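# Chain and residue survey
This is what each chain is made of:
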Amino acid sequence: MRSFGVDIELMSGARLDEANTTKLVPQGDYRLGPQGESVVREWSGRIWTSEGSKSGYFQPGRPVEGSVTFETVNDLYAEGQFIYRYLNGDMLTCTFDAPNHGS
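Because the structure is a prediction, the values reported are computed rather than measured. (Residues numbered from 1 in each chain as written. Predicted model: local features only at pLDDT ≥ 70, side-chain atom pairs only at ≥ 80, totals over all residues. Heavy atoms only, no water.)

Pairing of strand S2 (residues 20–27) with strand S6 (residues 65–73) involves five bridges; the strand directions are antiparallel. Bridging from a neighbouring strand, Thr22 pairs with Val68 of S6. As paired elements, S2 and strand S3 (residues 31–34) share four bridges and run antiparallel to each other. Looking across to S3, one finds that Leu24 is bridged to Pro34. Two successive antiparallel strands, S2 and S3, enclose a turn made up of three residues, where Gly28 displays a positive phi of approximately 75°. (Pairing = 2+ DSSP bridges. Helix = DSSP H or I, 4+ residues; strand = E, 2+ residues; numbered from the N terminus.)

On to the packing of aromatic side chains. Per the counting criterion, the structure on display carries six aromatic pairs. Seen from their ring centres, Trp43 and Phe82 are 5.1 Å apart, and the 75° between their planes marks the pair as edge-to-face. With Trp43 in strand S4 (residues 40–49) and Phe82 in strand S7 (residues 77–85), the pair connects residues that are 39 residues apart, well separated along the chain. Overall, Trp43 belongs to the buried group, its relative accessible area being 0%. Clustering of aromatic rings is evident, with ring pairs tying together Trp43, Tyr57, Phe70, Phe82, Tyr84, Tyr86 and Phe96. (Phe/Tyr/Trp six-rings, centres within 6.5 Å; stacked < 30°, edge-to-face > 60°. Buried < 20%, exposed > 50% of the residue type's maximum accessible area, 1.4 Å probe, protein only.)

Once that is clear, we can look at the layout of surface pockets. For the second largest pocket, the calculated volume is near 180 Å³. Of all the elements in the fold, those that place two or more residues in the lining of the second largest pocket are strand S1 (3–10) and S4. A breakdown of the residues in the lining of the second largest pocket according to their chemical character gives nine nonpolar, five polar and two charged. (1 Å grid on protein atoms, 1.4 Å probe; cavity = no way out; pocket = protein on both sides within 12 Å on 5 of 7 lines; lining within 4 Å. Points joined across faces, edges and corners; volume = space filled by probe spheres on them. Nonpolar A, V, L, I, M, F, W, Y, C, P; charged D, E, K, R; others polar.)

Below, the discussion takes up the nonpolar core. The biggest cluster of nonpolar side chains holds 18 residues, and the ones touching the most others in it are Trp43, Val68 and Phe70. Looking at this core, the elements with two or more residues in it are S4, S6, S7 and strand S8 (91–99). Every residue in contact with Trp43, bar those within four places of it in the chain, is listed here: Val6, Asp7, Ile8, Leu24, Tyr30, Arg31, Leu32, Tyr57, Val68, Phe82 and Tyr84. (Core = buried A, V, L, I, M, F, W, Y, C linked by side-chain atoms within 4.5 Å. Contact = heavy atoms within 4.5 Å.)

This is a description of form; function is not addressed.
This is how it looks when you write it as structure tokens:
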């Protein structure tokens, strides 16, 4: 059994009430970061396998770029979608409605 997700760090006190899109570009081994000013501070892939959880991506590996669109960010949750684009031309689109854990 395998699963994947992302760790997202937003600017402290970030709030959005209308759609806001940020382009994500590679930074470091597993991170993606915003290109330009954004409420996103850091973005990294996370995978879970029977051995546990770690930073990273399943095949085809780390995206060459991506974007994240937040529809809403407040003290209770963040809602939106992200798109990964891979070197081989593949794309992955995911939607999320995640509780805010204060970090």
